[in-house]
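Fold and contact review
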Amino acid sequence: MSKRSLAALLTEVRACTICAEHLDAGPRPVVQIASKARILIAGQAPGSAVHKSGVPFEDPSGDRLRDWMGVTPETFYDPDSIAILPMGFCFPGTGASGDLPPRPECAPAWRQPLLDELPNLALTLIIGQYAMSWHLPEKKPTVTKTVARWREFAPQILPLPHPSPRNNRWLAKNPWFGEELLPELKRQVKRALAKR
């Protein structure tokens, strides 16, 4: 598709209401994409703070993710550098143990047409189990086991746990993540952005 048709597609995405009846907070699709993007962040779904602001990862999870990647907010929010396409574009609401899963209607409706608009990707960061199920469908182990096997997917793909503060215990129990994977993540992010 041309740049003009990507704009038209984004207009449709931002007007989407296919799962509105299931969203207590109402629909507010949050995505960031441009055809020049070198890095794709495939996440879960926006949280309540992002639903309010309309800015992806504008929360403590985003602060941690930017630190993991070694990028400034200016780079992170430059769509010509980084595309951000969660598995569900709208805040799904809150359940007993945190945010609900991404709505299942979203990815089949929009994901592949948007991914087709990203011909220049050098790196895909896959965050959390829902994104892993889509992007690594032949692999079905836990998030921990998938992230631990990151060398099998590098350098084009790096699976990551969610950067939420809720995962502090996971990070403490898995020191290899910070010691081995995060330095490689920073290297691959720098490499991908250098090729712009």
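Bear in mind that the values here come from a model prediction, so they are computed numbers and not experimental data. (Residues numbered from 1 in each chain as written. Predicted model: local features only at pLDDT ≥ 70, side-chain atom pairs only at ≥ 80, totals over all residues. Heavy atoms only, no water.)

A look at the environment of Leu193
Relative to the helices and strands, Leu193 is located in helix α9 (residues 175-194). Taking C-alpha positions, Leu193 is 27 Å from Arg14, a pair spaced 179 residues apart along the chain. Not counting chain neighbours up to four residues away, the residues in contact with Leu193 comprise Ile39, Val71, Thr75 and Ser81. (Helix = DSSP H or I, 4+ residues; strand = E, 2+ residues; numbered from the N terminus. Contact = heavy atoms within 4.5 Å.)

Regarding the pairing of strand β1 (residues 39-42)
A regular strand places its side chains so that they alternate between the two faces of the sheet. The alternating pattern of β1 places Ile39 and Ile41 and Leu40 and Ala42 on opposite faces, both of which are buried. Relative to strand β2 (residues 82-84), β1 runs parallel, the two sharing 3 bridges. Across the sheet, residue Leu40 finds its bridge partner in β2, namely Ala83. The pairing of β1 with strand β5 (residues 123-127) spans 4 bridges and is classified as parallel. Across the sheet, Ala42 pairs through a bridge with Ile126, a residue of β5. (Buried < 20%, exposed > 50% of the residue type's maximum accessible area, 1.4 Å probe, protein only. Pairing = 2+ DSSP bridges.)

Structural notes on the environment of Ser164
With respect to the helices and strands, the residue Ser164 is situated in the loop between β6 (157-160) and α8 (168-173). For Ser164, a relative accessible area of 13% translates into the label buried. Between the alpha carbons of Ser164 and Val189 there is a distance of 20 Å; along the sequence they are 25 residues apart. Here Ser164 is in contact with Ser61 and Arg64, once residues within four sequence places are set aside.

Concerning the packing of aromatic side chains
Applying the stated criterion across every chain, the model contains 6 aromatic pairs. An angle of 75° between the planes, with centres 5.6 Å apart, marks the rings of Trp170 and Phe177 as edge-to-face. Given a relative accessible area of 15%, Trp170 falls into the buried group. Residue Phe177 is classed as buried on the basis of its relative accessible area, which comes to 2%. We note Arg66 situated over the ring of Phe76; from NZ or CZ to the ring centre the distance is 4.9 Å. (Phe/Tyr/Trp six-rings, centres within 6.5 Å; stacked < 30°, edge-to-face > 60°. Lys NZ or Arg CZ within 6 Å of the ring centre and 35° of its normal.)

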